[in-house]
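Observations on chain architecture
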Amino acid sequence: MNIVLATRNSKKADELTRMFVSYPVVFQTLDAFPDCPEVIEDGRTFRQNAIKKAVQVARYTGCPALADDSGLEVESLGRAPGVFSARYAGRGANDSRNMKKVLKELRDIDDPRSRTARFVCCIALALPDGRSKTFTGVVKGTIGKRPKGSNGFGYDPIFYPLGHDRTFAEMADSEKDVLSHRGRAMKKLYFYLKRMLT
Ligand code: IMP
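Reading the values: the criteria
- Residues numbered from 1 in each chain as written.
- Predicted model: local features only at pLDDT ≥ 70, side-chain atom pairs only at ≥ 80, totals over all residues.
- Heavy atoms only, no water.
- Buried < 20%, exposed > 50% of the residue type's maximum accessible area, 1.4 Å probe, protein only.
- Helix = DSSP H or I, 4+ residues; strand = E, 2+ residues; numbered from the N terminus.
- Pairing = 2+ DSSP bridges.
- Salt bridge = Lys/Arg side-chain N within 4 Å of Asp/Glu carboxyl O.
- Near = heavy atom within 4 Å.
- Polar contact = N/O pair within 3.5 Å; in protein donor to acceptor, adjacent residues only side chain to side chain.
- Areas by Shrake-Rupley, 256 points an atom, 1.4 Å probe, with all protein chains shown as cover.
- Nonpolar A, V, L, I, M, F, W, Y, C, P; charged D, E, K, R; others polar.

Brief notes about the pairing of strand E5 (residues 116-126)
Counting buried positions along E5 gives 9 out of 11 residues, so the element sits mostly inside the fold. In this sheet, E5 lies alongside strand E3 (residues 65-74) in antiparallel orientation, the contact comprising 10 bridges. In the sheet register, Asp 68 faces E5, and the bridge partner there is Ile 123. As paired strands, E5 and strand E6 (residues 132-143) are joined by 11 bridges and run antiparallel to one another. Counted as the bridge partner of Ala 124 is Thr 134 from E6.

Given below as structure tokens:
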């Protein structure tokens, strides 16, 4: 089965692909469809954005498409950055600036119990006829005082998953995959596809 990954984020594509290594699914990235139009992520929820991306790419390519919309929700910031996670620092936003902004906003909060956060991932699988199904994964944790580690991407260096004293960026890929919001959503998708294909 061929599935197009509706993302140009190579780190995300790596995470999605490596969870399916032992499975009869061939993932193509959007590199195979360089003219595929950019999807405007204007949804108010991860689910709306994931469905929009997957449906648009499935319609354009004529293949089933998989899209992930994900982000960080910090409780004391009213669940920001949320769907704005990738562009939280505004113009010129990148992972480092986004993290700095979160750390700055939490600078007066020392108690880890008030620095709670969660990552949310919604994965949408869409067919070229517009039908879609979504799978959501969540991981709870806390925001550290400073970035630690160099693996992963995004907010990984400041996120301590609940019950762990290392950030996602200090963990091996395989450790993060078991705990992460994306890993949990992918596990649901994995069992769904397994049921569909057998
Ligand atoms: P999206 O491409 O619109 O879904 O943006 C997702 C953004 O959320 C990324 O650019 C990161 O800033 C953040 N994010 C999502 N998943 C992760 C993760 O696994 N680790 C760290 N940051 C993440």
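A short note on the pattern of salt bridges
The full count for this structure, using the stated rule, is 11 salt bridges. Here Lys 53 and Glu 41 are joined by a salt bridge, their closest N and O atoms 3.3 Å apart. Here Lys 53, found in helix H2 (residues 46-61), pairs with Glu 41, found in the loop between strand E2 (26-29) and H2; they are 12 residues apart in sequence, far enough to count as distant. Lys 53 sits in the buried class, given a relative accessible area of 6%. The partner of Lys 52 in a salt bridge is Asp 42, and the shortest N-O contact between them spans 3.0 Å. In this pair, Lys 52 is assigned in helix H2 and Asp 42 in the loop between E2 and H2, connecting sequence segments 10 residues apart.

Some details on the site of the ligand
Around the ligand lies a shell of 17 residues, among which Lys 12, Glu 41, Asp 156, Lys 176 and Arg 182 are the nearest. For the ligand, an oxygen atom lies 3.2 Å from a polar atom in the side chain of Asp 69. Within the contact set of the ligand, an oxygen atom lies 2.8 Å away from a side-chain nitrogen or oxygen of Lys 176. Here the ligand has 490 Å² of accessible area as a free molecule, and 93% of this is covered by the chains. Only E3 and helix H5 (181-197) provide two or more residues apiece to the shell around the ligand. Considering each element in turn, the shell around the ligand owes the most residues, 4 residues, to E3. Class assignment for the residues of the shell around the ligand results in 4 nonpolar, 5 polar and 8 charged.

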